[in-house]
Amino acid sequence: MPVTKKKLREVALSEQEYKRVVELLDRQPNDVELGMIGVLWSEHCSYKTSRPLLRRLPSSGSRVLQGPGENAGAIDVGEGWAAVFKIESHNHPSAIEPYQGAATGVGGILRDVAAMGARPVAVLDSLRFGPLPESRRLFDGVVSGIGGYGNCVGVPTVGGEVYFEPAYAGNPVVNAMCLGLVPVERLRKARAEGVGNLLLLAGADTGRDGIHGASFASLELDDSSEERRPAVQVGNPFLEKCLIEALQELAESTAVIGIQDLGAAGLTSAVAEAASKAGSGALIDVAEVPRREQGMSPYEVMLSESQERMLLIVKRGRQAEVQKVLERWDLHSAVIGMVTGDGHLDVVEGREQVARVPVDVLTSLCPTRTLEAKPPDHSRYRLDLTEIREEPADPTATLLRLLAHPNLCSRRPVVRQYDHMVGNATVVRPGGDAAMIRINGTQIGIAMTTDGSGRYCELDPYLGAQIAIAEAARNIVATGARPVAITDCLNFGNPDKPDVYWQLEETISGMANACRALDLPIVSGNVSLYNDTDGRSIYPTPVIGMVGVIDDYSKRLEAGFKEDGDFVLLVGVTANDLGGSHYLEVEHGVFAGRPPEVDLLQERAVLEFILATAAAGLLRSAHDVAEGGMLVALAECCLMSKKGMRGPPLSAGGDLRFDALLFGETQGRFLVSLPSRSMPEIQNLARKHRIEIQMLGMTGGDQLEFEGQFKVSLEEMERAHEGGLG
């Protein structure tokens, strides 16, 4: 019987893709098979549009233990420890049901890390919404969902970012990153190996929530999206906590061969992916799957995205010892099938066969797409700086307006909802450049950050992508840690639009260049496409999750000034980089221009200079100069330490504009503070690394002042900074 267009839309398959399915099977699929193929061929699961482009990204390096292709990436951080980490999106679910969408996004990324045998020890987020107050419901719901789930599980939310732009009004970006730790020898992989070994489903019972969630994430949002609310999963963080603890025990057991999280596409994806990696097949009896709802069909069981479930591949005959551990944590489990050797995924219900599909049809044979790419018309973003006065009318008032801007103001209303100290390992708290945790029993510190650049990528996706990676690296280095690896989440609109596909191509090219220049492999990640609402795309938004390592966390740096009487230096060169800046938006109502250029060789030199001075104990603090420019960064250093700074008048030499000196967003710059005795060695290292440094002033007092030119009190700055989110 011919398939209907309505049915194809339900499973997110095109007519051409359906024809390919028929060719591969040499017959028409039944409903269960069509649903299984549809979810695994969806953009969300298959990466059929982005996969050819992602091959450009570097993924290998001396520290890499596991690159893309597993539940998460893993790197060697020293002394026998591995850091396991990944970032993922939950954009579409959060747009429909913000609390549960965000909460289950956190739950899913925790399970990805736990499936590698690691204990999740830190969560970060990257969030984007439409302007306040219109997006208040989404903003509050998402933040509450992240905090509620993470706090209950007992994993600290240690960092992140949040921005507000009109482009995200209908389609928020909700990305969650998790990092876990595991002894290197206990790293696990998701492989269904050994014919006759058993498939054990553990955790929550299966319900109807989340059916077609992966397909939903591969479609644009429109007026009918509210009808897909059942595609949003419902989380249970307390059950997840028990699941994580049980997995910690089972990761040491030789009875367990592989572990796979049940996320997007549920049982279908988990079994097919584990079988594909092992080159095997699998038999599932859906009648054995524990359910929490009556009358569920095989279709619903195979596509359910009920949360807090794990697939364990267990040696035949040893299932009882595995189930004993699960029972100790009050977790349900059931043997639902076994590994086979014929390369097919067979689904039965008792004695009745309901589906039989080759594993490679579900996974590797999904067709990829190369779409038309065409640059958008950027004429509306042209900027002529000669039409804008070079000096702000009132620099003090401009600074206060920038500090109060929702994109630059204090994140305290967000951070206070997150427990960032649970686990007693957080040594650099939220609010600075990057967070840091220690590995208990060692001196090793792990720094981590999330950084995105949607504004810059809208203006120039190639440059914007480079800026995202460069800024993430500076944030890591500002703690004294060396950046070592990346996980990425690429959030884009509908790639069927030529301009969006072009943005995707340019972004990945920019990322690849920056990663190679800075020697940073990408070990895991996620792609979220079709972030459109009624045909309007979000900004191209690559989010970079970066991890760094410091051998001795007692030598870490933070952004706030430490001592009165320290020198404050600007490291790096300032240029007339006002394109896409917050200053132009706040002062002149303009969002336009070309983003700052990124000199990757100079960027690397600056990073090495900061690392060298930090390792030598010459610095007291370090802070990246980013959005809002130098004056905003100085204000942040003052506010974090409750210490002012006083310096001589600023002068913009040569062709440098005065507004660019104060508020330009030139890349490759830091603010550092240091005792006067460090200056001779700092100057020597600056010459060695060919880095420019400029003395700005001296710490102390309760004002930020450049004599005879600019003066503002800490109290005024704090009032503006703390009130931006309402």
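Residues numbered from 1 in each chain as written. Predicted model: local features only at pLDDT ≥ 70, side-chain atom pairs only at ≥ 80, totals over all residues. Heavy atoms only, no water.

### Quick word on the pattern of salt bridges
Next up, step 1: The tally for this structure, following the rule as stated, stands at 43 salt bridges.
Next up, step 2: The residue E33 makes a salt bridge to R27 at a minimum N-O spacing of 2.8 Å.
Next up, step 3: Judged by its relative accessible area of 33%, R27 falls in the partly exposed class.
Next up, step 4: The residue R328 makes a salt bridge to E249 at a minimum N-O spacing of 2.4 Å. Placement of the pair is R328 in helix α13 (residues 319-328) and E249 in helix α10 (residues 237-250), with a sequence separation of 79 residues.
Next up, step 5: Salt bridges linked by common partners bring E43, R369 and D496 together as one network. (Salt bridge = Lys/Arg side-chain N within 4 Å of Asp/Glu carboxyl O. Buried < 20%, exposed > 50% of the residue type's maximum accessible area, 1.4 Å probe, protein only. Helix = DSSP H or I, 4+ residues; strand = E, 2+ residues; numbered from the N terminus.)

### Concerning the packing of aromatic side chains
Next up, step 1: All chains considered together, the criterion is met by seven aromatic pairs.
Next up, step 2: Here the aromatic rings of F129 and F139 are separated by 5.6 Å at their centres, their planes lie at 65 degrees, and the arrangement is edge-to-face. Placement of the pair is F129 in strand β4 (residues 119-129) and F139 in helix α8 (residues 136-153), with a sequence separation of ten residues. Of the two residues examined, F129 and F139, each falls in the buried class.
Next up, step 3: Ring pairs connect the aromatic residues Y168, Y381, Y539 and F591, which therefore count as one cluster. (Phe/Tyr/Trp six-rings, centres within 6.5 Å; stacked < 30°, edge-to-face > 60°.)

### Description of the packing of helix α18 (residues 461-477) against helix α19 (residues 498-518)
Next up, step 1: Relative orientation of the contacting elements α18 and α19 amounts to 40 degrees, with a least axis distance of 7 Å. Comparing the axis directions of α18 and α19 gives the class oblique. Crossing geometry of α18 relative to α19 is assigned as right-handed. Together, P461, Y462, A465, Q466, I469, A470 and A473 of α18 and W502, Q503, E506, T507, S509, G510, M511, N513, A514, C515 and L518 of α19 make up the contact between the two elements. (Axes fitted to C-alpha atoms, helices over the stretch in contact; angles between N-to-C directions. Parallel < 35°, antiparallel > 145°, perpendicular 65-115°, else oblique. Left-handed = near helix turned anticlockwise from the far one by under 90°. Contact = heavy atoms within 4.5 Å.)

### Considerations on the sheet that holds strand β10 (residues 309-314)
Next up, step 1: If you trace the seven strands from one edge of the open sheet to the other, you get β8-β10-β7-β11-β9-β12-β13, paired in mixed fashion. Here the strands that pair on one side only, and so sit at the sheet edges, are β8 (256-261) and β13 (352-358). When the angles between neighbouring strand axes are averaged without regard to direction, this sheet yields 25 degrees.
Next up, step 2: For strand β9 (residues 281-285) and strand β11 (residues 332-340), the ladder comprises four bridges, and the chain directions are antiparallel. (Pairing = 2+ DSSP bridges.)

### Quick notes on the domain arrangement of the protein chain
Next up, step 1: Partitioning the protein chain into structural domains gives domain 1 (50-187 + 424-555), domain 2 (188-220 + 233-362) and domain 3 (557-723).
Next up, step 2: Centre-to-centre separation of domain 2 and domain 3, based on C-alpha positions: 52 Å. (Domains from an automatic or database assignment.)

### Brief notes about the nonpolar core
Taken as a class, soluble globular proteins show a tendency for nonpolar side chains to be buried jointly.
Next up, step 1: With 65 residues, the main nonpolar core has I469, M546, F670 and V672 as its most contacted residues.
Next up, step 2: Counting contributing residues, this core receives three or more from each of domain 1 (50-187 + 424-555) and domain 3 (557-723).
Next up, step 3: Aside from chain neighbours lying at most four places away, what touches I469 is I486, M511, A514, C515, L518, L520, I544 and M546.
Next up, step 4: Residues A82, V123, L250 and A255 belong to the second largest nonpolar core, which totals 53 residues. (Core = buried A, V, L, I, M, F, W, Y, C linked by side-chain atoms within 4.5 Å.)

### As for the side chain of T479
Next up, step 1: Looking at where T479 falls in the secondary structure, it is placed in the loop between α18 and β17 (482-491).
Next up, step 2: For T479, a relative accessible area of 2% puts it in the buried group.
Next up, step 3: Looking at T479, its side chain comes within polar contact range of the main-chain oxygen of I476, at 2.6 Å.
Next up, step 4: Engagement of the side chain of T479 in a polar contact is seen with the backbone nitrogen of A481, the distance being 3.4 Å.
Next up, step 5: Apart from the residues within four sequence positions on either side, T479 is in contact with A434, M436, A447, I550, R556 and L557. (Polar contact = N/O pair within 3.5 Å; in protein donor to acceptor, adjacent residues only side chain to side chain.)

### Observations regarding the sheet that holds strand β6 (residues 173-183)
Next up, step 1: Judged by pairing direction, the sheet is mixed, and its six strands sit side by side in the order β1-β2-β3-β6-β4-β5 without closing on themselves. Of all strands in the sheet, those bounded by a partner on one side alone are β1 (64-66) and β5 (157-164). The mean inter-strand angle of the sheet, taken between neighbouring strand axes irrespective of direction, is 20 degrees.
Next up, step 2: Note: β1 against strand β2 (residues 73-78), two bridges, orientation antiparallel. Directly across from V64, in β2, lies its bridge partner I75.
Next up, step 3: Where helix α7 (residues 98-114) meets the sheet, its contacts fall on β3 (81-89), β4 and β6, and the angle it forms with β6 comes to roughly 25 degrees.

### Quick word on unusual backbone geometry
What you tend to see is this: most non-glycine residues have negative phi, and most peptide bonds are trans.
Next up, step 1: With omega at 5 degrees, the peptide bond leading from L132 into P133 counts as cis.
Next up, step 2: Position of P133 among the secondary structure elements: in the loop between β4 and α8.
Next up, step 3: The backbone phi angle of A265 is positive, close to 70 degrees, even though this residue is not glycine.
Next up, step 4: You can see A265 is positioned in the loop between β8 and α11 (266-278).
Next up, step 5: In this structure, R690 is a non-glycine residue whose phi angle is positive, near 55 degrees.
Next up, step 6: Checked against the element boundaries, R690 lands in the loop between α24 (679-689) and β26 (693-699).

### Digging into α18
Next up, step 1: Under the 1.5 Å per step criterion, the end-to-end length of α18 is 24 Å for 17 residues, consistent within 8% with the ideal 24 Å.
Next up, step 2: Burial analysis of α18 places 16 of its 17 residues in the buried class, the great majority of the element.
Next up, step 3: Its side-chain oxygen at 3.1 Å from the backbone nitrogen of Y462, D460 defines the N-terminal cap of α18. (Expected span 1.5 Å × (residues − 1).)

### Some remarks on empty space enclosed by the protein
Next up, step 1: Inspection of the entire model under this criterion finds three cavities of 30 Å³ or more.
Next up, step 2: Empty space within the largest cavity amounts to approximately 170 Å³.
Next up, step 3: Lining the largest cavity are 16 residues, with G452, S453, G454, R455 and E627 positioned closest to its centre.
Next up, step 4: At the level of secondary structure, the elements contributing two or more residues to the lining of the largest cavity comprise α17 (454-459) and α18.
Next up, step 5: Here the lining of the largest cavity takes three residues from α17, the largest share from any one element.
Next up, step 6: Split by residue class, the lining of the largest cavity holds five nonpolar, five polar and six charged.
Next up, step 7: Taken together, domain 1 (50-187 + 424-555) and domain 3 (557-723) each give at least three residues to the lining of the largest cavity, which thus spans both. (1 Å grid on protein atoms, 1.4 Å probe; cavity = no way out; pocket = protein on both sides within 12 Å on 5 of 7 lines; lining within 4 Å. Points joined across faces, edges and corners; volume = space filled by probe spheres on them. Nonpolar A, V, L, I, M, F, W, Y, C, P; charged D, E, K, R; others polar.)

### So, the pairing of β26
Next up, step 1: As judged from the five bridges shared by strand β22 (residues 567-571) and β26, these two strands associate in the antiparallel manner. In the sheet register, V568 faces β26, and the bridge partner there is G697.
Next up, step 2: Relative to β26, strand β24 (residues 645-647) runs antiparallel, the two being bridged by two bridges. Note on β26: the bridge partner recorded for M645 is T699.

### Structural notes on the state of the cysteines
Formally, a disulfide is one covalent bond, and it connects the sulfur atom of one cysteine to the sulfur atom of another.
Next up, step 1: Considering all chains together, one arrives at zero disulfides under this definition.
Next up, step 2: Not part of a disulfide, C515 finds its nearest cysteine sulfur in C457, a span of 13 Å.
Next up, step 3: Its relative accessible area of 1% is what places C515 among the buried residues. (Disulfide = S-S within 2.5 Å.)

### Structural notes on the pairing of strand β7 (residues 198-203)
Next up, step 1: Most of β7 is tucked away: six of the six residues are buried.
Next up, step 2: Bridge count between β7 and β10: six bridges; the pairing is antiparallel. Opposite L199, over in β10, you have I313 as the bridge partner.
Next up, step 3: The sheet contact formed by β7 and β11 spans six bridges and is antiparallel. By the bridge assignment, L198 is partnered in β11 with M338.

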